[in-house]
Amino acid sequence: MINVGIPRALLYYQYFPMWKTFFEELGGEVVVSPPTTKAMIASGASRVVADTCLPVKVFLGHVLSLVGKCDYIFIPAIRSLKSKIYNCSKFLGLPDMTRAVITECPPVLDPDVDIDKGMKTLYRAINRLGRYFTRDRAKVKRASLDAWQAHLDYRQLMSNHGLTLPQAMETIPGKYKSEGSNLKKATGNDSGNPASTQTNIALIGHPYLLYDEYLNHRLIHRLEEAGNKVLTPEMLTIDELESASVKVAGTTYWTYGEEVVGAGECYLQDGVDGIIGLLAFGCGPDSMMMEMVRRRANSLRTTPFMNLVLEEHTAETGMITRLEAFLDMINRKKRGRQ
Ligand code: SF4
């Protein structure tokens, strides 16, 4: 049986059920790296220049933790998911960069996902990937369709039931489930709509920042433990995210921009009590998109907004202090209104 290693970083959070379904249906076995640790970040950071963004350093640390544990590592080059909308350059070169800086890396399965070049190119890339497991093209097609369905189910589960990504992974049938997830239920809500009795805090940003508990110092749990209801971009439908994003930014240039601009706008319009934007130090696209949300929040003057920038030296105490000050301010504002 072929073992395929999947690093628990970057796009793992969005696509794990889809990838796992695909490989398992083709007879492969999936091995996921353990949750992020300090040692992983240090090992990943040691392979690249200092100003590489934190999520990429984390990703490389996860790849290193899989060396010797799998036959292949799956690192797709996701270039575009829509015509004329491109991904951040780090994603484009991820397989090549990994091979270059981790010479001991197992062979990389690196399909190009470039919808801008048309669906035929995508189907060819999927077939080439499937050939590592079988020569039966019909089997590859079946596995792809089932994988896509798994992705749609996963996405719908989150937007229909107001679940976070880890909650959805725990909820969907066992075959999609990630082993070793150390995340418990992140929110207590069974609906994505903010309830008026609780303080609703929306977290916006990419899933690899929102759900990596080591990187964000257990932000979701901290907010919940303080009695807040946490709302995330995945609790909104793709349509809601996209139309809100278009409204604020016009046609977005970057893939995954809706997780920042679209989610920010939706939650501003929903009237949540506060919005926290998580971004990584050294991230070009997010520094611009978060700024758009900040300006929008400033002009509407209805919802407090705070940015938290994460890097490998982000001190837990500093983050807690900022969080507490932000929550105090929101609660004072709420009490004043009442
Ligand atoms: S979007 Fe930003 S944080 Fe994400 S990989 Fe690109 S540069 Fe890094």
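This text gives an overview of the structure that appears in the document.

Here is what the cut-offs are and how they apply
- Residues numbered from 1 in each chain as written.
- Predicted model: local features only at pLDDT ≥ 70, side-chain atom pairs only at ≥ 80, totals over all residues.
- Heavy atoms only, no water.
- Helix = DSSP H or I, 4+ residues; strand = E, 2+ residues; numbered from the N terminus.
- Rg over C-alpha atoms; globule rule 2.2 N^0.38 Å.
- Buried < 20%, exposed > 50% of the residue type's maximum accessible area, 1.4 Å probe, protein only.
- Contact = heavy atoms within 4.5 Å.
- Expected span 1.5 Å × (residues − 1).
- Pairing = 2+ DSSP bridges.
- Axes fitted to C-alpha atoms, helices over the stretch in contact; angles between N-to-C directions.
- Salt bridge = Lys/Arg side-chain N within 4 Å of Asp/Glu carboxyl O.
- Core = buried A, V, L, I, M, F, W, Y, C linked by side-chain atoms within 4.5 Å.
- Arc of directions from axis to C-beta.

**Concerning the overall build of the protein**
Thought 1: Scanning the protein from terminus to terminus reveals 14 helices and 11 strands.
Thought 2: Here the protein has a C-alpha radius of gyration of 20 Å; the compact-globule value for 338 residues is 20 Å, and the two agree.
Thought 3: Referenced to the eigenvectors of the C-alpha coordinate spread, the extents of the protein come out at roughly 65 × 40 × 35 Å.
Thought 4: Expressed as a percentage of the 338 residues in the protein, the buried residues total 54%.
Thought 5: Contacts in the protein between residues far apart in sequence, at least 24 positions, make up 74% of those at least 6 positions apart.

**Quick word on unusual backbone geometry**
Thought 1: At Leu10, a position not held by glycine, the phi torsion is positive, near 45°.
Thought 2: Positionally, Leu10 belongs in the loop between strand S1 (3–6) and helix H1 (12–25).
Thought 3: On the basis of relative accessibility, which here comes to 4%, the residue Leu10 falls in the buried class.
Thought 4: We note that Arg218 has phi near 55°; this positive angle belongs to a residue other than glycine.
Thought 5: By secondary structure assignment, the location of Arg218 is in the loop between helix H9 (207–210) and helix H10 (219–225).
Thought 6: Of the residues examined, Arg218 reaches a relative accessible area of 33% and is grouped as partly exposed.

**Overview of helix H3 (residues 54–66)**
Thought 1: Its 13 residues give H3 an end-to-end C-alpha distance of 19 Å, which sits within 8% of 18 Å, the value for a rise of 1.5 Å per residue.
Thought 2: Counting buried residues in H3 gives 13 out of 13 residues, a clear majority hidden from the surface.
Thought 3: Directly after H3, the chain includes Gly68, whose backbone phi takes a positive value near 85°.

**Things to note about the sheet that holds strand S8 (residues 199–204)**
Paired through their backbone hydrogen bonds, the strands of a sheet run either parallel or antiparallel.
Thought 1: Strand order in the open sheet formed by 4 strands is S9-S8-S10-S11, with parallel pairing between adjacent strands. Each end of this open sheet is capped by a strand with a single partner; those strands are strand S9 (228–231) and strand S11 (305–310). When the angles between neighbouring strand axes are averaged without regard to direction, this sheet yields 25°.
Thought 2: Relative to S9, S8 runs parallel, the two being bridged by 4 bridges. Considered in S9, the bridge of Ala202 is made with Leu231.
Thought 3: Those strands touched by helix H12 (residues 261–270) are S8, S9 and strand S10 (274–280), and its axis lies near 165° from that of S8.

**Quick look at the pattern of salt bridges**
Thought 1: Using the criterion set out here, one finds 15 salt bridges in the structure.
Thought 2: Note that Asp96 and Arg99 form a salt bridge whose closest N and O atoms lie 3.1 Å from each other. With a gap of 3 residues between them, Asp96 and Arg99 both fall in helix H5 (residues 94–101), about one helical turn apart.
Thought 3: Relative accessible area serves as the criterion here: at 33%, Arg99 is assigned to the partly exposed category.
Thought 4: Taken together, the salt bridges that share partners define one network made up of Asp96, Arg99 and Asp110.

**Some details on the side chain of His151**
Thought 1: Mapped onto the fold, His151 is located in helix H7 (residues 137–161).
Thought 2: If sequence neighbours within four positions are ignored, His151 has contacts with Gln14, Tyr15 and Met18.

**Some details on the nonpolar core**
Thought 1: Ranked by internal contacts, the top residues of the largest apolar core, which has 79 residues, are Phe23, Leu223 and Ile276.
Thought 2: With 21 residues, the next largest nonpolar core counts Leu241, Ala244, Ala263 and Met290 among its residues.

**Points about the sheet that holds strand S4 (residues 77–82)**
Thought 1: The sheet built from 3 strands is open, its strands ordered S5-S4-S7 with mixed pairing. Only two strands of the sheet have a single neighbouring strand rather than two, namely strand S5 (85–86) and strand S7 (112–114).
Thought 2: One ladder, built from 3 bridges, connects S4 with S7; its direction is parallel. Residue pairing for S7: Ser80 is matched across the bridge by Asp114.

**Re helix H13 (residues 284–300)**
Thought 1: Across its 17 residues, H13 extends 25 Å between first and last C-alpha, which sits within 8% of the 24 Å expected from 1.5 Å per residue.
Thought 2: Within H13, the full set of buried residues consists of Pro285, Asp286, Met289, Met290, Val293 and Ala297. The arc enclosing the buried residues of H13, seen along the axis, measures out at 110°, which places them on a common side. Counted as exposed and oriented over 90 degrees from the buried face of H13: Arg295 and Ser299.
Thought 3: Here the buried face of H13 lies against S8, H12, S10 and S11.
Thought 4: Once H13 finishes, Arg301 follows within two positions and takes phi at roughly 55°, a positive value.

**Thoughts on the pairing of S8**
Thought 1: Burial analysis of S8 places 6 of its 6 residues in the buried class, the great majority of the element.
Thought 2: Residues Thr199, Ile201 and Leu203 of S8 are buried on one face, and the alternating residues Asn200, Ala202 and Ile204, pointing to the opposite face, are buried as well.
Thought 3: Where S8 meets S10, 4 bridges bridge the pair, whose relative direction is parallel. By the bridge assignment for S10, Ile201 is matched with Gly274.

Treat this as a map of the structure, not an account of what it does.
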